[in-house]
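Here's the letter readout for the chains.
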Amino acid sequence: MNARVTGPVLLAMLFVAAVGSGSYAAGGNVAKGKVLFTSLCIRCHGVDGKGDASMKFNPPVADLSSSAVQSKLDGSLMKAIHDGRKNTAMGAWKFVLSDEEIRDVTAYVRALGSSAGRKLP
Ligand code: HEC
């Protein structure tokens, strides 16, 4: 399969996984996601995902706990993590994280938006 085909196929698979999941993204492991988030994402997104860490960017870091972000589909959050956002500080994590790890960290991003988020492992 060439790269042109692989991208959309992968996204379709992520989407199906997301839609078929229960409350947390694509059945990702929240505890594993927290470990990844802590080591990779906190420096920009902050401990609680609100984007109030010390580093400032233009455009600003997304508040992952906001309803603006939480109202997006799992597939769209995973795409943002997988491919990054053009012309922003948000890089493409597909070079660093496996698909499974992207699911885990997305599950943790979901947890940041729920009231239970603060009490997670
Ligand atoms: C170097 C700083 C930086 C790091 C590290 C970083 N992000 Fe981001 N992230 C950003 C910025 C800036 C944005 C806003 C991009 C935009 O304006 O579209 C963003 C946006 C996002 C979004 C999209 C929110 C939306 O509106 O759809 C998600 C999801 C996200 N980040 C998750 C993560 C995860 C998970 C990690 C760790 C694997 C991570 N980010 C690491 C800076 C960062």
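Below is a summary of the structure that appears in this document.

About the thresholds
Each chain has its residues counted from 1, running along the sequence as written. It should be noted that, the model being predicted, local features are given only for residues of pLDDT at least 70 and side-chain atom pairs only at 80 or more, the latter also being counted only at that level, while totals for whole chains, interfaces and linings use all residues. Here the side-chain values reflect all heavy atoms present in the structure, with hydrogen atoms and water set aside. Each aromatic pair joins two rings of Phe, Tyr and Trp (for Trp, the six-membered one) with centres within 6.5 Å, and gets the label stacked for planes under 30 degrees apart, edge-to-face for over 60, and tilted for any other angle. Put simply, DSSP marks the helices as runs of H or I at least four residues long and the strands as runs of E at least two long, and each gets a number from the N terminus on. Throughout this description, buried means an accessible area under 20% of the type-specific maximum (1.4 Å probe, protein chains only), exposed means over 50%, and partly exposed covers the range between. One heavy atom within 4 Å of a molecule or strand is enough for the residue carrying it to be called near that molecule or strand. Under this definition, polar contacts are N or O atom pairs within 3.5 Å; protein pairs additionally need one hydrogen-donor-capable and one acceptor-capable atom, and for neighbouring residues in sequence, both atoms have to be side-chain atoms.

Remarks on the packing of aromatic side chains
Within the structure shown, the criterion is met by 1 aromatic pair. When the centroid spacing of 5.4 Å and the interplanar angle of 55° are considered together, the rings of Phe37 and Tyr108 count as tilted. Here Phe37, found in helix α2 (residues 30-45), pairs with Tyr108, found in helix α5 (residues 99-113); they are 71 residues apart in sequence, far enough to count as distant. Note on Tyr108: relative accessible area 7%, which makes it buried.

Brief notes about the site of the ligand
In the vicinity of the ligand, 21 residues are found, and the nearest of them are Cys41, Cys44, His45, Arg85 and Met90. In the environment of the ligand, a nitrogen atom lies 2.7 Å from a nitrogen or oxygen atom belonging to the side chain of His45. Arg85 is positioned such that a nitrogen or oxygen atom in its side chain is 2.7 Å from an oxygen atom of the ligand. Elements with a minimum of two residues in the shell around the ligand: α2 and α4 (74-83).

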